[in-house]
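Breakdown of the fold
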Amino acid sequence: MKTKKIYSAKFFRDTMPDWKKKKDPLIAQLFYRPLSFYISSFCANRNISANTVSYFSIGIGLLSCLFFYLSGSICHIIGALFVNLWLLFDCVDGNIARSIKKQYFGVFADATSCYLLLAFLYPAIGYAVYDEGGLIIDKGNVMIIILGSIASSSDIVMRLIYHKYLESERLIPDEMRIYKDENSINGEHAPSLKDKMKEAMGIGGYLPVFILIAALLNSLDFIVFYSVIISVLLLICMAIIMIRKTILVNRQIEYKS
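Residues numbered from 1 in each chain as written. Predicted model: local features only at pLDDT ≥ 70, side-chain atom pairs only at ≥ 80, totals over all residues. Heavy atoms only, no water.

1. Notes on the overall build of the protein
Note the cut-off: We count a stretch as a helix when DSSP gives it H or I for four or more residues in a row; a strand needs E for two or more, and each element gets its number in order from the N terminus. Throughout this description, buried means an accessible area under 20% of the type-specific maximum (1.4 Å probe, protein chains only), exposed means over 50%, and partly exposed covers the range between. Here a residue-residue contact requires only that any non-hydrogen atoms of the pair lie within 4.5 Å. Note on areas: Shrake-Rupley, 1.4 Å probe, and residue coverage restricted to the protein chains presented here.
Within the protein, the secondary structure is distributed over 11 helices and 0 strands. Counting helices and strands in the order they occur from the N terminus, the protein gives α-α-α-α-α-α-α-α-α-α-α. Here the protein, with 257 residues, has 45% of them falling under the buried criterion. Once local pairs closer than 6 in sequence are excluded, the contacts in the protein between residues at least 24 apart make up 77%. Accessible surface, the protein: about 14100 Å² in total, of which carbon and sulfur atoms supply 66%.

Structure follows, in structure tokens:
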């Protein structure tokens, strides 16, 4: 009779690849990731797959947005806690996929969870400020909802541009490549400083903690300001960089042919 393997938190900690350890922001290394090892152990020992965790985190993300639409600072604090819980489960599905078994459509499940959260989070936080007021934005100022909507749309479009570029890049024969960025191809190369900074500034880094602090201090308007500035700047930079790369690659291919 085959003995069922027991997965411990130590197993997930020991099997985590070095490139992922280096990519995680400091807050993830100190808090989210260590805690996620225990939840990963619980899920793995009950045959809960990585995709199942990703789909479960969709509900967590949508709940977080719902609480920001409810009146009262307590609801907003709960919403902020759910954002942090979403990030925790975002670590869990990755742990299971890397250390035990990847599933088909794993990238789809993980991206869907992220995109659905980002689609509604910033407008929801904007509505919370509209409904209750913020540190410098008065109650009833509809502009804060508009800014939140711009932040969400910019963040998602930026990610779509990046992933569409990677999808197109994979169609290029290796001998025709002029950018040898293995990290963008298989995720197993040591992340650059640029990648680490981008990760740390977004929803996968310090932002969930900042949202919780802002909810506690009734200053969620600053989260909207920060998010719209970062999202728009990243979108512009990403579009310029990706378009420039495609032009250079096509020129190089035409020259070689």
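2. A look at the confidence of the model for the protein
In plain terms, the rule: For every residue, the predictor reports its confidence as pLDDT, a number between 0 and 100.
In the predicted model, the protein carries a mean pLDDT of 89, and the fraction of residues at 70 or more is 88%. In the model, residues 182–187 has pLDDT below 50 throughout and makes 12 contacts with residues more than four positions away in sequence or in other chains.

3. Concerning empty space enclosed by the protein
To keep things clear, this is the line we draw: Grid points spaced at 1 Å over the protein atoms alone were grouped into cavities, where a 1.4 Å probe fits but cannot get out, and pockets, open sets with protein on both sides within 12 Å along at least five of seven lines, with lining residues defined by an atom within 4 Å of a point. Grid points are joined across faces, edges and corners, and a volume is the space filled by probe spheres set on the points. All amino acids are sorted into three groups, where Ala, Val, Leu, Ile, Met, Phe, Trp, Tyr, Cys and Pro are nonpolar, Asp, Glu, Lys and Arg are charged, and the leftover types, Gly among them, are polar.
Tallied over the entire structure, the rule returns 2 cavities of 30 Å³ or more. Size it by volume and the largest cavity reaches roughly 70 Å³. In this structure, the largest cavity is lined by Ser73, His76, Ala128, Val129, Gly133, Gly134, Ala214, Ala215, Asn218, Ser219, Leu220 and Asp221. Looking at the lining of the largest cavity, the elements that each hand over two or more residues are helix H5 (73–99), helix H6 (106–132), helix H10 (207–216) and helix H11 (220–256). Here the residues of the lining of the largest cavity are counted per class, giving 5 nonpolar, 6 polar and 1 charged.

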